[in-house]
Amino acid sequence: MPQIDLLFVTRVYRASLGSRLASEIARAALALAASDKAGQAWCRANDYSGYTSYASLDDLPWRFPEFAALAKRLDAAVRSFADTLDFDLAGRALELDSMWANVMPHGAVHTSHIHPHSVISGTFYAALPQGASAIRFEDPRLGLMMAAPARRGNAARINRQFVYVKPKAGTLLLWESWLRHEVPVNRAKSERISVSFNYRWT
C-alpha cells in the first residue's frame with residue numbers, strides 16, 4: 001500500500017479577539033478615515049479604493065488606546081504562532097513594525113501582494129458586513145507548477161491553488177509574510193474595516 005506524506009505545510013493562525021474590540025477598532029478606523037487628510041491624499045494619488053493609513057500614520061498604538069489594546073493582544077498571538085512554526089529566534093524577538101487601518105467601501109479591492117522585510121503579517125477584522133469579501137491566499141508554489149493540469153472543482157482544500165478564508169468581526173489571522181494574498185471586490189453595501197500589520201525579527 002503506498003504512503004502519501006504531507007511536506008512543507010503552510011500555516012495560517014486564526015483566533016477570535018471578540019466583538020467588543022472589533023467595534024472599538026471599527027469606530028476608530030472610521031474616525032481616521034474621516035480626519036486623516038494625508039492618508040486621503042495618498043489614496044487618491046495612488047488610486048486606492050477606500051481608505052488606508054498605510055502611508056500616512058505609523059504610530060496608531062500611540063495615538064489611540066483601541067489600537068494599543070489590539071497591539072498587546074497581537075504580541076501574545078504572534079509569540080504563540082512563532083512557537084507553532086518552530087522559529088529559533090536566537091534570543092531576539094519579533095516586534096510590531098507597522099500597523100495600518102483599512103476601510104474598503106462597496107466595490108473596493110486590494111490586489112495580490114506579499115509583505116517584504118517582515119516575518120509575520122496579519123489582519124484583525126473589525127467589521128465584515130454581509131457580502132464582504134473573504135481574503136484569498138495563493139499556493140506559494142503556483143509559479144513553479146508550469147504544465148500541471150487544473151485542479152478539480154471539488155479538490156480537497158490542501159490541494160487547491162487558491163484558498164478563501166472568510167473571517168468575521170473579531171477574527172485575527174496571522175501568516176508568514178511571504179504568503180501571497182489579496183482581497184477580492186467588496187460586494188457588501190457598507191464598509192469592510194480591518195487593521196493589518198507586520199512583525200519583524202529584531
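Use the structure listed above.
Treat the numbers as computed from the prediction; the structure is a model and nothing was measured.

Peer 1: When you look at the packing of aromatic side chains in this model, what are you seeing that I'm missing?
Peer 2: The description of an aromatic ring pair uses the distance of the two centres, along with the angle that the planes make with each other. All chains considered together, the criterion is met by seven aromatic pairs. Judged by centre distance (5.7 Å) and plane angle (65°), the ring pair of Phe-64 and Phe-67 falls under edge-to-face. Arranged with centres 6.2 Å apart and planes meeting at 85°, the rings of Phe-197 and Tyr-199 form a pair that is edge-to-face. Looking at Tyr-199, the relative accessible area reads 1%, which means it is buried. In textbook terms, an aromatic cluster arises when at least three aromatic residues are bridged by ring pairs, as seen for Trp-42, Tyr-48, Tyr-54 and Trp-100. A cation sits over an aromatic face here: Arg-92 above Trp-201, 3.9 Å from the ring centre. The ring of Phe-162 has Arg-136 sitting right over it, with the charged end atom 3.8 Å from the ring centre.

Peer 1: Which parts of the structure should I look at to understand the packing of helix α1 (residues 19–35) against helix α4 (residues 65–84)?
Peer 2: Any two packed helices are characterised by the angle at which their axes cross and by the distance between the axes. Two numbers describe how α1 lies on α4: the axes approach to 9 Å, and their chain directions differ by 130°. As judged from the angle between their axes, α1 and α4 are oblique. Every pair of crossing elements has a handedness; the one defined by α1 and α4 is left-handed. When α1 is examined against α4, the residues Leu-21, Glu-24, Ile-25, Ala-28 and Leu-32 are found in contact with a partner set consisting of Glu-66, Phe-67, Ala-69 and Leu-70. Residues belonging to the contact of α1 with α4 are distributed by class as follows: seven nonpolar, no polar and two charged.

Peer 1: I tried to follow empty space enclosed by the protein on my own but got confused; where do I start?
Peer 2: Once rolled over the atoms, a probe with the size of a water molecule shows which space is left empty. Per the stated rule, a full pass over the model turns up one cavity of 30 Å³ or more. Volume-wise, the largest cavity comes out at about 140 Å³. Lining the largest cavity are 17 residues, with Asn-102, His-110, Thr-123, Val-183 and Ser-196 positioned closest to its centre. When residues of the lining of the largest cavity are traced back to their parent elements, those giving at least two are β3 (94–104), β4 (110–113), β5 (120–127), β9 (181–183) and β10 (192–201). For the lining of the largest cavity, the residue count by class is seven nonpolar, nine polar and one charged.

The rules behind these values
Residues numbered from 1 in each chain as written. Predicted model: local features only at pLDDT ≥ 70, side-chain atom pairs only at ≥ 80, totals over all residues. Heavy atoms only, no water. Phe/Tyr/Trp six-rings, centres within 6.5 Å; stacked < 30°, edge-to-face > 60°. Buried < 20%, exposed > 50% of the residue type's maximum accessible area, 1.4 Å probe, protein only. Lys NZ or Arg CZ within 6 Å of the ring centre and 35° of its normal. Axes fitted to C-alpha atoms, helices over the stretch in contact; angles between N-to-C directions. Helix = DSSP H or I, 4+ residues; strand = E, 2+ residues; numbered from the N terminus. Parallel < 35°, antiparallel > 145°, perpendicular 65-115°, else oblique. Left-handed = near helix turned anticlockwise from the far one by under 90°. Contact = heavy atoms within 4.5 Å. Nonpolar A, V, L, I, M, F, W, Y, C, P; charged D, E, K, R; others polar. 1 Å grid on protein atoms, 1.4 Å probe; cavity = no way out; pocket = protein on both sides within 12 Å on 5 of 7 lines; lining within 4 Å. Points joined across faces, edges and corners; volume = space filled by probe spheres on them.

These figures capture arrangement, not role.
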